Amino acid sequence: MNLENYRMYLIAVRGGMSDEKSRDLQRFVRHCEGFILMVTRTGPVIAIDEAKSTLVSNHPLVEFMGPVELNPRGFAARQLESIFAANLGKQVELVEGESALQS
Amino acid sequence: MGLGATVGADLLSVPFPKMVFDLARAIAKGQTALDRASLGTLRVLANTEFDYIPEITEVIAPGPVDTAGGVPVTGVDVTVRPTRAIPLTLLQAGLTPSFYQFTESVIEVKMSISSKVSTQSEFEFGIEATASAGFLFASGSVSSHVDYRTSNTYSYSAEGSSLLRTTLKPVPPPARMMPRFITVNTLVQPPQITTSE
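Residues numbered from 1 in each chain as written. Chains lettered and ligands numbered in written order. Predicted model: local features only at pLDDT ≥ 70, side-chain atom pairs only at ≥ 80, totals over all residues.

Novice: I keep staring at the interface of chain B and chain A and nothing clicks. Help me out?
Specialist: If you look at the interface, chain B gives 20 residues, while chain A gives 18 residues. Counting residues per element, the side of chain B that touches chain A draws most heavily on helix α2 (residues 16-47) of chain B, at six residues. Within the side of chain B that touches chain A, the residues separate by chemical class into ten nonpolar, nine polar and one charged. Pairing of strand β4 (residues 62-70) of chain A with strand β7 (residues 95-97) of chain B involves three bridges; the strand directions are antiparallel. Bridge assignment links glutamate 69 of chain A to a residue of β7 of chain B, and that residue is threonine 96 of chain B. (Contact = placed C-beta atoms within 7 Å. Helix = DSSP H or I, 4+ residues; strand = E, 2+ residues; numbered from the N terminus. Nonpolar A, V, L, I, M, F, W, Y, C, P; charged D, E, K, R; others polar. Pairing = 2+ DSSP bridges.)

Printed below as a string of structure tokens:
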């Protein structure tokens, strides 16, 4: 799977986060071939192809979406990195499994 | 006015200074919008808190041995003790907004000018002589005609296209836009102060 053009974005959910909104948004992100790296109280941190990011930012549940990066000097940067890597790894595995079944 | 002069005038009429100005203005506007968006992200990151548990201690201690169907099973107790959760913002934790910068801009103007002049001339000369003679008199006449036709065809066409191309690259956040983190570690004596941006 080619993740070359994928970037990290932080999403702020319109009107505050709830389980239902979070699920809907996560489904939409997956529909756009994006991945959920972490879910925060404001909204999810996702990885998505730059070209498809506008699809997500125009979603009615998205109040704000901005590109973010990992700062290696952050207090919990290493932990964040490993959380992102673990979550990304699981989802990529699922996608690759699905495409292997289809082919 | 000669053809060369027309072509030169057409080339000079390309609004180059205006194009450069418009491009520069568009870049400046775009840069401002990008910086505003990054600052918006910075605000969201600074306002998003989560409880960070830096350590979880698992204490394994001997426990009562149980038997299941006469088989002794684990006699171990595991006590999980998380350390006190520290409220952290995503910015403190290690997420920063991406900043972008226009690094290169190119204006490309292409013009294709073609002009064609063709001259066509036709020349026709004719002479007609008649003579007659009778018993008492004789007569003669000579007539001639000259036809000259000339036509000039002049065609001129100028086509132009312009291309504006800019390159946008992620850059490290500007120092003045990012807060400095001053950490005072009172666990050691004397307290250790570290500053990072």
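Novice: How should I be thinking about the environment of threonine 42 of chain A in this particular structure?
Specialist: Tracing the chain through its elements places threonine 42 of chain A in the loop between β2 (35-39) and β3 (44-49). If near-sequence neighbours (up to four positions away) are discounted, threonine 42 of chain A is found in contact with Ala12, Val13 and Met17 of chain A together with Val44 and Thr48 of chain B.

Novice: Is there a simple way to explain helix α1 (residues 19-31) of chain A in this structure?
Specialist: For an α-helix the count is 3.6 residues per turn, leaving residues at separations of three or four pointing the same way. Compared with an ideal rise of 1.5 Å per residue, which puts 13 residues at 18 Å, α1 of chain A spans 18 Å between its outermost C-alpha atoms and is within 8% of the ideal. Immediately downstream of α1 of chain A, the backbone of glutamate 33 of chain A shows phi near 65°, a positive value. (Expected span 1.5 Å × (residues − 1).)

Novice: How should I be thinking about the pairing of strand β1 (residues 6-13) of chain A in this particular structure?
Specialist: Residues in a regular strand project their side chains so that they alternate between the two faces of the sheet. Residues and elements named next belong to chain A. Bridging between β1 and β3 involves five bridges; their strand directions are antiparallel. By the bridge assignment, leucine 10 is partnered in β3 with valine 45. As paired strands, β1 and β4 are joined by six bridges and run antiparallel to one another. Directly across from tyrosine 9, in β4, lies its bridge partner proline 67.

Novice: How do you make sense of the nonpolar core when you look at a structure like this?
Specialist: Burial of nonpolar side chains together is a common tendency in soluble globular proteins. Core analysis: the largest hydrophobic core is formed by 26 residues, its most contacted members being Tyr9, Leu10, Ile11 and Ile46 of chain A together with Leu45 and Leu95 of chain B. Of all the secondary-structure elements, those providing two or more residues to this core are β1, α1, β2, β3 and β4 of chain A together with α2 and α3 (90-93) of chain B. With five residues, β1 of chain A is the single largest residue contributor to this core. When near neighbours in sequence (up to four residues on either side) are disregarded, leucine 95 of chain B contacts Leu10, Val68, Leu70, Asn71, Gly74 and Leu80 of chain A together with Leu45 and Leu90 of chain B. (Core = buried A, V, L, I, M, F, W, Y, C linked by C-beta atoms within 7 Å. Buried ≥ 20, exposed ≤ 12 C-beta atoms within 10 Å, placed from the backbone.)

Novice: Would you mind showing me how to read the confidence of the model for chain B here?
Specialist: Caution applies to low-pLDDT parts of the model: their predicted coordinates are not meant to be read in detail. Residue and element names in this part refer to chain B. For chain B, mean pLDDT is 84; residues scoring 70 or higher make up 96% of the total. Here helix α1 (residues 3-12) is the element of chain B with the lowest mean pLDDT, 69, and β7 is the one with the highest, 92. Here the prediction assigns the complex a pTM of 0.69, and the interface score ipTM is 0.85. (pLDDT = per-residue confidence, 0-100.)

Novice: Quick question: what am I supposed to make of the sheet that holds β1 of chain A here?
Specialist: Within a beta sheet, neighbouring strands are joined by backbone hydrogen bonds and run either parallel or antiparallel to one another. Ordered in space as β2(A)-β3(A)-β1(A)-β4(A)-β7(B), the five strands form an open sheet in which the pairing is antiparallel. The open sheet is flanked by β2 of chain A together with β7 of chain B, the only strands paired with a single partner. Along the sheet, successive strands turn relative to each other by an average axial angle of 40°, direction set aside. Here helix α3 (residues 77-102) of chain A sits on the sheet in contact with β2, β3 and β4 of chain A together with β7 of chain B, set at roughly 140° to β2 of chain A. Sheet strands touched by α2 of chain B: β1 and β4 of chain A together with β7 of chain B. Its angle to β4 of chain A, the strand with the most contacts, is close to 90°. (Axes fitted to C-alpha atoms, helices over the stretch in contact; angles between N-to-C directions.)

Novice: Where do I start with unusual backbone geometry in this structure?
Specialist: Where the residue is not glycine, phi is negative for most of them; where a peptide bond is considered, it is trans in most cases. For the bond from glutamine 189 of chain B to proline 190 of chain B, the omega torsion is 0°, close enough to zero to count as cis. Structurally, the position occupied by proline 190 of chain B is in the loop between β10 (181-185) and β11 (192-196).

Novice: Hey, could you run me through α2 of chain B in this one?
Specialist: Compared with the 46 Å implied by 1.5 Å per residue over 32 residues, the 46 Å span of α2 of chain B between its first and last C-alpha is a close match. Along α2 of chain B, the residues that are buried comprise Ser38, Thr41, Leu42, Val44 and Leu45 of chain B. Among the structural elements, β1 and β4 of chain A together with β6 (86-89), α3, β7 and β8 (99-133) of chain B are those in contact with the buried residues of α2 of chain B.

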